[in-house]
Amino acid sequence: MLDGKKTWIGIIITILGFFGLGYLVNGQQLGELINAGLQIVGLVMTIYGNHKAHRELKARGGYR
């Protein structure tokens, strides 16, 4: 379903967390927690998506 899009979604989530999407919630500590959570989820998705894409490329015959 999300083949090839996990890396981009992860990057977008990371950027949203980096720029402070948590301002939508009252309470500075809760906002900071949401920002940190978005950054972590985004980074994990980016790493996983990139790893999976490279594994599939290698399975198809490598880089040309």
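What you see is a predicted model, and the numbers here were worked out from it, not measured in a lab. (Residues numbered from 1 in each chain as written. Predicted model: local features only at pLDDT ≥ 70, side-chain atom pairs only at ≥ 80, totals over all residues. Heavy atoms only, no water.)

**Q** Kindly report on the overall build of the protein, identifying the contributing residues and their values.
**A** For the protein, the helix and strand inventory stands at two helices and zero strands. Looking at the protein as a whole, 22% of its 64 residues qualify as buried. The contacts of the protein with a sequence gap of at least 6 include a subset with a gap of at least 24, amounting to 63%. (Helix = DSSP H or I, 4+ residues; strand = E, 2+ residues; numbered from the N terminus. Buried < 20%, exposed > 50% of the residue type's maximum accessible area, 1.4 Å probe, protein only. Contact = heavy atoms within 4.5 Å.)

**Q** Please provide a residue-by-residue account of the environment of glutamine 39, values included.
**A** Residue placement: glutamine 39 occurs in helix α2 (residues 28–59). On the accessibility criterion, glutamine 39 (28% relative accessible area) is partly exposed. Considered as a pair, glutamine 39 and isoleucine 13 are 26 residues apart in the sequence and their alpha carbons are 6.7 Å apart. Excluding residues that lie within four positions of it along the chain, glutamine 39 makes contacts with Thr14, Gly17 and Phe18.

**Q** How would you explain the side chain of threonine 46 if you had to name every residue and give the values?
**A** Looking at the secondary structure, you find threonine 46 in helix α2. Given a relative accessible area of 17%, threonine 46 falls into the buried group. Reaching out from threonine 46, the side chain makes a polar contact with the backbone nitrogen of isoleucine 11 at a distance of 3.1 Å. At 2.7 Å, the side chain of threonine 46 and the backbone oxygen of glycine 42 are in polar contact. Discounting chain neighbours no more than four positions away, the residues touching threonine 46 are Thr7, Gly10, Ile11 and Thr14. (Polar contact = N/O pair within 3.5 Å; in protein donor to acceptor, adjacent residues only side chain to side chain.)

**Q** A description of helix α1 (residues 6–19) should follow, citing residues and the corresponding values.
**A** It helps to recall that an α-helix has 3.6 residues per turn; residues three or four apart then point in one direction. An ideal rise of 1.5 Å per residue puts 20 Å on 14 residues; α1 measures up with 20 Å between its terminal C-alpha atoms. For α1, the set of buried residues is Lys6, Thr7, Gly10, Ile13, Thr14 and Gly17. Within α1, the buried residues cover an arc of 130° as seen down the axis, which keeps them to one side. Residues of α1 that are exposed and point over 90 degrees away from its buried face: Trp8 and Phe19. Glycine 20 sits one or two positions beyond α1 and adopts a positive phi of about 90°. (Expected span 1.5 Å × (residues − 1). Arc of directions from axis to C-beta.)

Structural measurements only, silent on function.
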